[in-house]
Amino acid sequence: SEFVNPTDLVKTRTMARALRTPPPYRSLAHAVAHVARTEGVRDGLYRGVSATVVRAAILTGAQMSSYDTTKRFLIDTCAYADGGAVHVASALVSGFVTTCATSPVDVVKSIYMADASHRYRSPLHCLALIVRTHGVAVLARGFAPNYARLGTHFVFSLPLLEQLRRLFGLEYLQ
């Protein structure tokens, strides 16, 4: 996630300025060059990299731990067989838990990255100001589309991983 931070920054800024005419950048290369030239590499292209890395760590931890915990609960406590239905149900729960865990970081990261004027000194400063200005509920903004994205992704990727493991003679994830 650290390596691709410049493309995430450009995507975020392009989306934040979507209704401007003309568009802020002609192409990805133009955007990267413009941000590097006007804001620098560290303070421009890698703005928000700490939030990006924290989000990635939270996402992976929440995804795998909630998937495994849900799966074990369904198998051990509810006596469901380890198979496709359990994998899909576990993936849906994992998507929800992961969305709960990452949504606040996503909001802060997006606002911080979109801030080309550098109003915010750091992601934590950004968090403090947006919560002070808009209230803590602002951290849940975009929850439904985030869950739609993560839930859908997990419903395909985690059961697929389980089936690929089985296909190659490995056991399901424990």
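In the block above lies the structure referred to throughout.
Worth saying up front: this structure is predicted, and the values here are computed from it rather than measured. Per-chain numbering applies: the sequence of each chain, read as written, is numbered from 1 onward. Side-chain atom pairs in this predicted model are given and counted only at pLDDT of 80 or more, local residue features only at pLDDT of at least 70, and totals for whole chains, interfaces and linings cover all residues. Calculation of side-chain values draws on the structure's entire complement of heavy atoms; hydrogens and water are dropped beforehand.

Draft legend 1. Inspection of the side chain of Ser103 at higher detail. Mapped onto the elements, Ser103 comes out in helix α5 (residues 84-114). On the basis of relative accessible area, Ser103 is assigned to the buried category, the value being 2%. Each helix is a run of DSSP H or I of at least 4 residues and each strand a run of E of at least 2, with the numbering of both proceeding from the N terminus. When a residue's accessible area, from a 1.4 Å probe over protein chains only, is under 20% of the maximum for its type it is buried; when over 50% it is exposed; and in between it is partly exposed.

Draft legend 2. Quick peek at unusual backbone geometry. One non-glycine residue with positive phi stands out, namely Ala79, at about 60°. Looking at where Ala79 falls in the secondary structure, it is placed in the loop between α4 (49-77) and α5. The backbone phi angle of His118 is positive, close to 60°, even though this residue is not glycine.

Draft legend 3. Geometry of the packing of α4 against helix α7 (residues 143-167). Working convention: axes come from line fits to C-alpha atoms, limited for helices to the stretch in contact. Angles between N-to-C directions cover 0 to 180 degrees. Where α4 contacts α7, the axes come no closer than 12 Å and their chain directions differ by 60°. The pairing of α4 with α7 is recorded here as oblique in orientation. The handedness of the crossing between α4 and α7 comes out as right-handed. Of α7, the residues touching α4 (which contributes Arg55, Leu59, Gln63, Met64, Tyr67 and Lys71) are Arg149, Leu150, Phe154, Leu158 and Glu162. Broken down by class, the residue content of the contact of α4 with α7 amounts to six nonpolar, one polar and four charged. Orientation categories follow fixed angle ranges, with anything under 35 degrees roughly parallel, anything over 145 roughly antiparallel, 65 to 115 roughly perpendicular, and all other angles oblique. Less than a right angle of anticlockwise turn of the near helix away from the far helix marks a crossing as left-handed, whereas a clockwise turn marks it as right-handed. By the convention used here, residues are in contact when the closest approach between their heavy atoms is within 4.5 Å. Residue polarity is assigned by list, with Asp, Glu, Lys and Arg as charged and Ala, Val, Leu, Ile, Met, Phe, Trp, Tyr, Cys and Pro as nonpolar; anything else, Gly included, falls into the polar class.

Draft legend 4. Region of interest: the environment of Leu92. Structurally, Leu92 is set in helix α5. Residue classification places Leu92 among the partly exposed residues on the basis of a relative accessible area of 38%. Those residues in contact with Leu92, other than ones at most four positions away along the chain, are Tyr147 and Val155.

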